[in-house]
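These are the residues of each chain, in order.
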Amino acid sequence: MALASQSQNSVKRYFTKAPKPNLASHTQPIQLENINHLEVPSSNEFDLDSLKFDPGERTQILDFHPNHRDIIRREYLRQCPCQPRLHNFPKTNFSGSMRRFNPKWFDDEYHDWLEYSVSKDASYCLYCYLFKDNNIHQGGGDVFSSIGFKSWHKKKSFDKHGSSSIHNESKKKCQDLRQQRSIQSSFERQSNQLKHEYWIRLTASVNVVRLLITQGLAF
C-alpha cells in the first residue's frame, strides 16, 4: 500500500489539477433587450370602430400594419361606399362656370366604387383606396385613392378612371377578397357540421362498447 501511495504521489507531480468550472456562470438566463419590436400584432386586436367612414379622413391603407389590412378592407366593403346624398354640395368656380358634385353620379355606372368626402369636398374610389400600391399613380389612381378628385366640370374623368387597368385590378382584388371570405365562411359551416356528425358517431360507439361490456359479449 505504501508503495502504491508513493507511486501516485510521484505521478501527481507531473499534472496540474484543473479548476472546477463555474456552472452558475453558464446557467444565467439570457437577457433579451428590446424584445417588444419583435411582437407581431394579431388581426383580432384591431378596433374596427376607430375606422373613419369619410374617405377624406381615412388613414391610408398602406399605413396600417400588414396583419390588419385585410380585416380593414373587409369592413369597408361591408359598409359600402360613402355616398351622402342629402348633403348641400358646395359650388366651385371653373373659369366663370359654377359646378359642384352631383349626387346623381352615385346612380351611374360608378355606383359600386364612387365615394364623396364631405370634409374635403372631393370624390374618391373605394376599390383603389383599399388596394393602393406603388403603381397607383397610373390611371389617376392616386387622385381617386388619396388626393381626392374635385374637377366637377370634367365628369369624363370618372369614365377614364373606371376603365383604367389599375382600377380594374383593384376591383378584381376586392372581388377576390369577398369570395375568399365567402369560401372561408362555407368551410366554417362545413367544419361545424363535421364536428357534430363526428360527435354523434363517437357517442354511439361509446354506448355500444358499454353495452357489450355490461352484457359480457364479444366485440
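Above this text is the structure in question.
Described below are features of the structure shown in this document. Computed from a predicted model, the values in this text were never measured in an experiment. (Residues numbered from 1 in each chain as written. Predicted model: local features only at pLDDT ≥ 70, side-chain atom pairs only at ≥ 80, totals over all residues. Heavy atoms only, no water.)

## Notes on the overall build of the protein
The helix and strand tally for the protein stands at 7 helices and 4 strands. In the protein, the order of α-helices and β-strands from amino to carboxyl end is α-α-α-β-β-β-β-α-α-α-α. Within the protein, the proportion of its 219 residues that are buried is 27%. For the protein, contacts bridging at least 24 residues in sequence account for 64% of all contacts bridging at least 6. In the form shown here, the protein has an accessible surface area of approximately 15800 Å², with 53% of it arising from carbon and sulfur atoms. (Helix = DSSP H or I, 4+ residues; strand = E, 2+ residues; numbered from the N terminus. Buried < 20%, exposed > 50% of the residue type's maximum accessible area, 1.4 Å probe, protein only. Contact = heavy atoms within 4.5 Å. Areas by Shrake-Rupley, 256 points an atom, 1.4 Å probe, with all protein chains shown as cover.)

## Side note on the packing of aromatic side chains
The final tally for this structure, using the stated rule, is 19 aromatic pairs. For the pair Phe101 and Trp152, a centre-to-centre distance of 5.3 Å together with 75° between the ring planes defines the contact as edge-to-face. Placement of the pair is Phe101 in the loop between strand S2 (97–99) and strand S3 (114–117) and Trp152 in the loop between helix H5 (141–147) and helix H6 (156–162), with a sequence separation of 51 residues. Classification of Trp152 as buried rests on a relative accessible area of 3%. Note on Tyr110 and Phe158: the rings are 5.4 Å apart at their centroids and 55° apart in plane angle, and the pair reads as tilted. With Tyr110 in the loop between S2 and S3 and Phe158 in helix H6, this residue pair connects regions lying 48 residues apart in the sequence. Across the pair, exposure class does not vary: Tyr110 and Phe158 are buried alike. One aromatic cluster in this structure is built from Phe89, Phe101, Trp105, Phe106, Tyr110, Trp113, Tyr116, Phe144, Phe149, Trp152 and Phe158. (Phe/Tyr/Trp six-rings, centres within 6.5 Å; stacked < 30°, edge-to-face > 60°.)

## Considering the pattern of salt bridges
All told, the structure shown has 7 salt bridges when counted by the stated rule. We note a salt bridge from Glu115 to Arg58, for which the minimum N-O separation is 2.7 Å. Residue Glu115 is found in strand S3, and its partner Arg58 is found in the loop between helix H2 (23–26) and helix H3 (66–79); the two are separated by 57 residues along the sequence. A salt bridge links Asp108 to Lys155, with the shortest nitrogen-to-oxygen separation between them at 3.8 Å. Separated by 47 residues along the polypeptide, Asp108 in the loop between S2 and S3 and Lys155 in the loop between H5 and H6 bring together distant segments of the chain. (Salt bridge = Lys/Arg side-chain N within 4 Å of Asp/Glu carboxyl O.)

## Observations regarding the environment of Ile147
Structurally, the position occupied by Ile147 is in helix H5. According to the relative accessible area criterion, Ile147 is exposed, its value standing at 55%. Excluding its chain neighbours within four sequence positions, the residues that come into contact with Ile147 are Tyr124 and Asp142.

## Regarding the nonpolar core
With 29 residues, the main nonpolar core has Phe101, Trp113, Leu114, Leu130 and Phe158 as its most contacted residues. With 5 residues, helix H4 (residues 126–130) is the single largest residue contributor to this core. With sequence-adjacent residues up to four places away left out, Trp113 is seen in contact with Pro81, Tyr124, Cys125, Leu126, Tyr127, Phe144, Phe158, His161, Gly162 and His167. (Core = buried A, V, L, I, M, F, W, Y, C linked by side-chain atoms within 4.5 Å.)

## Digging into H3
Relative to the 20 Å expected for 14 residues at 1.5 Å per residue, H3 spans 21 Å between its end C-alpha atoms, a close match to the ideal helical length. The set of residues buried in H3 consists of His68, Arg69, Ile72, Arg73, Glu75, Tyr76 and Leu77. Two residues or fewer past H3, Cys80 is found with a positive phi of approximately 75°. (Expected span 1.5 Å × (residues − 1).)

## Here's the deal with unusual backbone geometry
Of note, the phi angle at Ser95 is positive, near 55°, even though the residue is not glycine. Under the relative-accessibility criterion, Ser95 is labelled exposed at 85%. If you check the backbone angles, Asp121 has positive phi at about 50° while not being a glycine. Tracing the backbone through its elements, the reader meets Asp121 in the loop between S3 and strand S4 (122–125). Its relative accessible area of 14% is what places Asp121 among the buried residues.

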